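For reference, the chains in residue letters:
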Amino acid sequence: MLIDVILLTGALFAAGLFLAFERDLVSVLFGVALLSNAANLFVLLSSGNPEGRATPVVGQSLDLMVDPLPQALVLTAIVIGSGILTYLIFFVYRLYSDHGTTDLKEIFPPSPEDSSSAKGEKQS
Amino acid sequence: MNTLVVPLLLPLLAAIFGLLLRRHVPLRKPLFLFSSVGQLAAALWIGGQTLQVGHLGLPLGGWAAPYGIILMADTLTAIMLCLSAATTLAATAYSSAEWWSEAEHPFRGPLLQFLTLGINLSFLTGDFFNLFVAFEVMLLSSYALLTLENHGGQARHNLSYVLLNIVGSALFLCAAGFAYGTWGTLNFAQLAERLAAESGSNRVFFFGLFCTGVFGLKAGIFPLYFWLPGSYPTLPIAVSGLFSGMLTKVGVYVLLRLYATILPHDLTELHHLMGWVSVATMIFGVLGAICQNTIRSVLSWHIISQIGYMTLCLGLFSEMAVTACILYITHHIIVKSSLFFIGGAAAQLNQTDDLRHMGGLWKSAPILGLFFLAQALSLAGIPPLSGFWGKYLIVVEGLAQDKIAFVVGSLVASVLTLFSMLKIWLGAFWGEQPEDRSSPFENRSQSFSFWGKAAVCGALVTVSLVIGLGMPFFLEIAQKAALDSMDQRRFIEFVFSLKGK
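All values derive from a computational prediction rather than experimental measurement.

Draft legend 1. View of the overall build of chain B. Along its length, chain B carries 20 helices and two strands. Relative to the 2.2 N^0.38 estimate, which gives 23 Å for 501 residues, the radius of gyration of chain B is 22 Å and therefore close to what a compact globule would have. Principal axes of the C-alpha set define a box for chain B whose edges measure 70 × 55 × 40 Å. In chain B, the share of contacts with a sequence separation of at least 24, taken over all contacts with a separation of at least 6, comes to 81%. Of the accessible surface of chain B, which amounts to about 17,000 Å², a share of 69% is contributed by carbon and sulfur atoms.

Draft legend 2. Main features of the overall build of chain A. Helix and strand counts for chain A come out as five helices and zero strands. Counted from the first residue to the last, chain A has its helices and strands arranged as α-α-α-α-α. Going through the 124 residues of chain A one by one, you find that 32% of them count as buried. Summarising the internal contacts of chain A: among those between residues at least 6 apart in sequence, 56% fall at separations of at least 24.

Draft legend 3. Expanded view of the layout of surface pockets. All names here are of chain B. Of the pockets and cavities examined, the largest pocket occupies roughly 680 Å³. Breaking the lining of the largest pocket down by element, the ones donating at least two residues are helix H2 (25-53), helix H3 (75-98), helix H13 (319-350), helix H18 (444-469) and helix H19 (471-486). It is H3 that provides the largest number of residues to the lining of the largest pocket, a total of nine residues.

Draft legend 4. Quick peek at the pairing of strand E1 (residues 56-59) of chain B. Residues and elements named next belong to chain B. Of the two faces of E1, the one holding Leu56 and Leu58 and the one holding Gly57 and Pro59 are both buried throughout. When E1 meets strand E2 (residues 70-73), the two strands line up antiparallel, connected through four bridges. Note on E2: the bridge partner recorded for Leu56 is Ala73.

Draft legend 5. Expanded view of helix H5 (residues 128-148) of chain B. All names here are of chain B. The terminal C-alpha atoms of H5, which comprises 21 residues, lie 30 Å apart, in line with the 30 Å expected from a rise of 1.5 Å per residue. In terms of burial, H5 is largely enclosed, as 17 of its 21 residues are buried. One side-chain oxygen of the residue at the start of H5 lies 3.0 Å from the amide nitrogen of Phe129, identifying that residue as Asp127.

Draft legend 6. Quick peek at the interface of chain A and chain B. Facing the 38 residues of chain A at the interface are 40 residues of chain B. Note on chain A versus chain B: buried area summed over both sides is about 3,500 Å², and carbon and sulfur give 71% of it. At the boundary of chain A with chain B, the tally comes to zero salt bridges. For the side of chain A that touches chain B, the elements supplying multiple residues, two or more each, are helix H2 (25-45), helix H3 (69-99), helix H4 (104-107) and helix H5 (112-120) of chain A. Here the side of chain A that touches chain B is composed, by residue class, of 23 nonpolar, eight polar and seven charged.

Draft legend 7. Inspection of the packing of aromatic side chains at higher detail. Residues and elements named next belong to chain B. Following the criterion strictly, the structure yields 34 aromatic pairs over all chains and no others. Their ring planes at 70° and their centres at 5.3 Å tell us that Trp183 and Phe207 sit as a pair that is edge-to-face. Placement of Trp183 in helix H6 (residues 159-183) and of Phe207 in helix H8 (residues 202-219) is noted, with a sequence separation of 24 residues between them. Here Phe207 falls in the buried class, since its relative accessible area comes to 0%. Ring geometry for Phe222 and Tyr225: centres 6.4 Å apart, planes at 40°, overall tilted. Residue class for Phe222 comes out partly exposed when judged on its relative accessible area of 27%. Ring pairing ties together the aromatic residues Phe128, Phe129, Phe132, Phe135, Phe172, Phe178, Trp183, Phe188, Phe206, Phe207, Phe210 and Phe215, which thus form one cluster.

Draft legend 8. Expanded view of the side chain of B:Asp127. Residue and element names in this part refer to chain B. Take Asp127: it is sitting in the loop between helix H4 (108-124) and H5. Of the side chains with opposite charge, Arg194 comes closest to the buried, unpaired Asp127, at an N-O distance of 12 Å. Here Phe129 takes part through its backbone nitrogen, which lies 3.0 Å from a polar atom of the side chain of Asp127. Sequence-distant contacts of Asp127, defined by excluding residues within four places in its chain, comprise Ile69, Leu186, Asn187 and Phe188.

Draft legend 9. Representation of the nonpolar core. Residue and element names in this part refer to chain B. Membership of the largest hydrophobic core comes to 187 residues, with the highest contact counts inside it found for Phe128, Phe207 and Phe215. Counting residues per element, this core draws most heavily on H13, which supplies 18 residues. When residues no more than four places from it in sequence are discounted, the contact partners of Phe207 are Phe128, Ala175, Phe178, Ala179, Trp183, Leu191, Leu195 and Leu263.

Draft legend 10. Here's a closer look at the packing of H6(B) against H8(B). Residues and elements named next belong to chain B. Relative to each other, H6 and H8 sit at 155°, their axes nearing to 9 Å. If you check the angle between H6 and H8, you find them roughly antiparallel. Crossing of H6 against H8: the hand is left-handed. Counted together, Leu164, Asn165, Gly168, Ser169, Leu171, Phe172, Cys174, Ala175, Phe178, Ala179, Thr182 and Trp183 of H6 and Arg203, Val204, Phe206, Phe207, Phe210, Cys211, Val214, Phe215, Leu217 and Lys218 of H8 form the full contact between these two elements. A per-class count over the contact of H6 with H8 returns 16 nonpolar, four polar and two charged.

Draft legend 11. Geometry of a nonpolar patch on the surface. Taken together, the side chains of B:Leu9, B:Leu13, B:Ile16, B:Phe17 and B:Leu20 make up a nonpolar region of the molecular surface, amounting to roughly 480 Å² of accessible area. Within the secondary structure layout, B:Leu13 lies in helix H1 (residues 6-20).

Draft legend 12. Focus on the pattern of salt bridges. Taken as a whole, this structure holds seven salt bridges over all chains when the rule is applied. The residue A:Arg94 makes a salt bridge to A:Asp98 at a minimum N-O spacing of 3.5 Å. Highlighted residues: A:Arg94 and A:Asp98, both in helix H3, separated by four residues, approximately one helical turn. Judged by its relative accessible area of 21%, A:Arg94 falls in the partly exposed class. Members of the salt-bridge network, linked through shared partners, are B:Lys480, B:Asp484 and B:Arg490.

Conventions and cut-offs
- Residues numbered from 1 in each chain as written.
- Chains lettered and ligands numbered in written order.
- Predicted model: local features only at pLDDT ≥ 70, side-chain atom pairs only at ≥ 80, totals over all residues.
- Heavy atoms only, no water.
- Helix = DSSP H or I, 4+ residues; strand = E, 2+ residues; numbered from the N terminus.
- Rg over C-alpha atoms; globule rule 2.2 N^0.38 Å.
- Contact = heavy atoms within 4.5 Å.
- Areas by Shrake-Rupley, 256 points an atom, 1.4 Å probe, with all protein chains shown as cover.
- Buried < 20%, exposed > 50% of the residue type's maximum accessible area, 1.4 Å probe, protein only.
- 1 Å grid on protein atoms, 1.4 Å probe; cavity = no way out; pocket = protein on both sides within 12 Å on 5 of 7 lines; lining within 4 Å.
- Points joined across faces, edges and corners; volume = space filled by probe spheres on them.
- Pairing = 2+ DSSP bridges.
- Expected span 1.5 Å × (residues − 1).
- Polar contact = N/O pair within 3.5 Å; in protein donor to acceptor, adjacent residues only side chain to side chain.
- Buried area = accessible area lost by both parts, 1.4 Å probe.
- Salt bridge = Lys/Arg side-chain N within 4 Å of Asp/Glu carboxyl O.
- Nonpolar A, V, L, I, M, F, W, Y, C, P; charged D, E, K, R; others polar.
- Phe/Tyr/Trp six-rings, centres within 6.5 Å; stacked < 30°, edge-to-face > 60°.
- Lys, Arg positive; Asp, Glu negative; His and termini not counted.
- Core = buried A, V, L, I, M, F, W, Y, C linked by side-chain atoms within 4.5 Å.
- Axes fitted to C-alpha atoms, helices over the stretch in contact; angles between N-to-C directions.
- Parallel < 35°, antiparallel > 145°, perpendicular 65-115°, else oblique.
- Left-handed = near helix turned anticlockwise from the far one by under 90°.
- Patch = residues over 30% accessible without salt bridge, like charges linked within 9 Å, V, L, I, M, F, W, Y side chains within 5 Å.

Bear in mind that shape data such as this cannot, by itself, settle questions of function.
Dropping the structure here:
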């Protein structure tokens, strides 16, 4: 039971990293979303193998219960993650409306004056 | 000890009321100033208490450790709280001074308060997952502040900051999952107890290494620093003062807490690795600073180099080294944010941030020159300014432990720091005034704004001078903080003695 969750976590991390290294910002967005969900699944994994254990409700059974704490942690992490993802979507949209593209190579053109002068200009 | 929630409640309430009072600018400014002054008072009071009794703690909701989340403070926490309150106060005051010359975004004030909430919570928390939440509060406000007031395609420079920190947060979550899955607890005290019980095992080493990576990313150590110099120069000056002072130092604080209070003290390989990484950080950071051409990017690269000094203390890891680290953090936060503010005032006078188009400030604003000189020499480590003492202790400790390479690295970085500070000095203060520049102040409000900013810089310079000249007093406090934070047995006993309901 645990081994397939471990494999799934690994696959999610791999897919997330692969997408995050793409040139297109939308792919990067999806990659980051996958990465943060892979991390959530990893935390859930820390409650151990649920096979043969009772649901964590007091008074229903005398068997060993599943550890409920990782589920509470993951709930918090999911809420935070969705907030961050919302921000990231707006940020990508902002970059799209600034530069008219989501291609990272066009957003950061490799020109020599880009790195030194563009940063120092006073913002209006 | 209910006082411990004050540094959290004040910024939260101020931020919420600040959002409600969006259209009432005259009411908002005093609100944020009041909140920062209140935080400073609470932090000083907590500091006084911890000096007397050692540890303070508050089990939230009356749930005793290790089942509930606890807030806890020792002298180290109190020092960090004081610094964060002082920097927020300075940033808010500087922001108010800017109000005379240029309009700020109405969300800036509330977001600064949310940022402070996150920072204060990460100092006060005694729980690994709560620390994650604190980091997220802090990071989310920092993302918003980074993109809030950027125009003309500047926002793209923050992409690497945002993406790397999101990935860092995912890794942080994995570290928490690993700790809970392996040792069955997230409470600092219980974690310390259980880690000590299997001290020397590979799992403890791996956990330490993994956490070092996660918090090293937030602190900006080699080779994880490249998000920093791109994003900080795009911020408005008032915000960048707070960012440069506090944000990376939260990472350093957590590393310090981790090494001193949670991990067993015998992880010499990890400490040694940290030492080498730190030397690389300070050398690469200062070399980066030398080849920049704007005040803010020179200062941003300097942050990286200074982070190297702080983590080098963790690499040497002894009671003296931790004392040096605490002194260095104290010095650095004040000096770094005041340098950003001074740079901002200089940029207002010259109407540009680019060192190639500045000059002659020494004639038009000698007071700014004096402030800059005091802080820059302090950063380079000239006695008896505050920066000297931290570096002195590091060198003494490095020599005592026979780690010559670390000592040489830190001295070379120090000389190069002086060199790059001279670059700002020659570019902005010395030299000929550019001819095309009109009179510095177009109207009265510009001049008000400048003197307001100069007053904030002056206050920070005074604090920094007091720290440098009153070193025996501050050294004693730092020694107590180092002793308390490294005394794991007392910490564990204290946390488990906290009574819930």
